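Summary of structural features
These are the residues of each chain, in order.
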Amino acid sequence: MRRSPLVALVLTALLLVAPGAAQAAVPDRALPAASTADPAAAAAAAAALAEVRTPGTAWGLDQATGRMTLTVDDTVPPARMAVLRTVTDRAGALLRREPGTLRTLVAAGQGIYGGGSRCSLGANVRSGST
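Residues numbered from 1 in each chain as written. Predicted model: local features only at pLDDT ≥ 70, side-chain atom pairs only at ≥ 80, totals over all residues. Heavy atoms only, no water.

All right, on to the nonpolar core then. The nonpolar side chains of soluble globular proteins are, as a tendency, buried together. Core analysis: the largest hydrophobic core is formed by 13 residues, its most contacted members being Met68, Leu70, Val72 and Leu84. For this core, the secondary structure elements donating two or more residues are α2 (39-50), β2 (67-72) and α3 (78-91). (Core = buried A, V, L, I, M, F, W, Y, C linked by side-chain atoms within 4.5 Å. Buried < 20%, exposed > 50% of the residue type's maximum accessible area, 1.4 Å probe, protein only. Helix = DSSP H or I, 4+ residues; strand = E, 2+ residues; numbered from the N terminus.)

Right, dumping it as structure tokens:
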């Protein structure tokens, strides 16, 4: 089993329950189950999006709306877009198309260099005072 989707799901769940999570208005098309007001539903949406293996896609939490979002690029064909729209509708997530081609620049654990030092890519999360 690949760890990346599991790690992303755990980090997403932690971010969703953090104090001060995005509470912006949800667009009319929004399903309440996907908002940050219900962390379990948001985690379920993240799990559904983590199963998407279509090249040219990326997913994550949209801080502005508080909803999980699946972003697709220009390489995703129309027939596949229809399938992805069904997945996002069922998950209560947003589907957003971005011009150009998405590509991975860095991944979890990869080295980041700057200022004469090295660090590894990660995410800082907070849950209450922890």
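Another point: the pattern of salt bridges. Following the criterion strictly, the structure yields 1 salt bridge and no others. A salt bridge links Glu98 to Arg96; its shortest N-O distance comes to 3.2 Å. Overall, the relative accessible area of 36% leaves Arg96 in the partly exposed class. (Salt bridge = Lys/Arg side-chain N within 4 Å of Asp/Glu carboxyl O.)

Turning to its location among the elements, Leu84 is positioned in helix α3. Sequence separation between Leu84 and Thr71 is 13 residues, and the spatial gap between their C-alpha atoms is 9.9 Å. Ignoring sequence-local partners within four residues, the contact set of Leu84 consists of Val52, Thr54, Thr57, Leu70, Val72, Val76 and Leu95. (Contact = heavy atoms within 4.5 Å.)

The 3 strands are arranged β1-β2-β3 in an open sheet whose pairing can be described as mixed. Among the strands making up the open sheet, the edge pair consists of β1 (57-62) and β3 (94-97). On average, each strand axis in the sheet is inclined to that of its neighbour by 30°, with strand direction left out of account. When β2 meets β3, the two strands line up parallel, connected through 4 bridges. (Pairing = 2+ DSSP bridges. Axes fitted to C-alpha atoms, helices over the stretch in contact; angles between N-to-C directions.)

On to α2, then. For α2, spanning 12 residues, the distance from its first C-alpha to its last is 16 Å, which sits close to the expected 16 Å at 1.5 Å a residue. Looking only at α2, the buried set comprises Ala41, Ala42, Ala43, Ala45, Ala46, Leu49 and Ala50. (Expected span 1.5 Å × (residues − 1).)

Below, the discussion takes up the pairing of β2. Here β2 lies mainly inside the structure; 6 of its 6 residues are buried. The pairing of β1 with β2 spans 6 bridges and is classified as antiparallel. Bridged to Gly60 within β2 is Thr69. What sits between the antiparallel neighbours β1 and β2 is a turn of 4 residues, in which Gly66 has the positive phi angle 75°.

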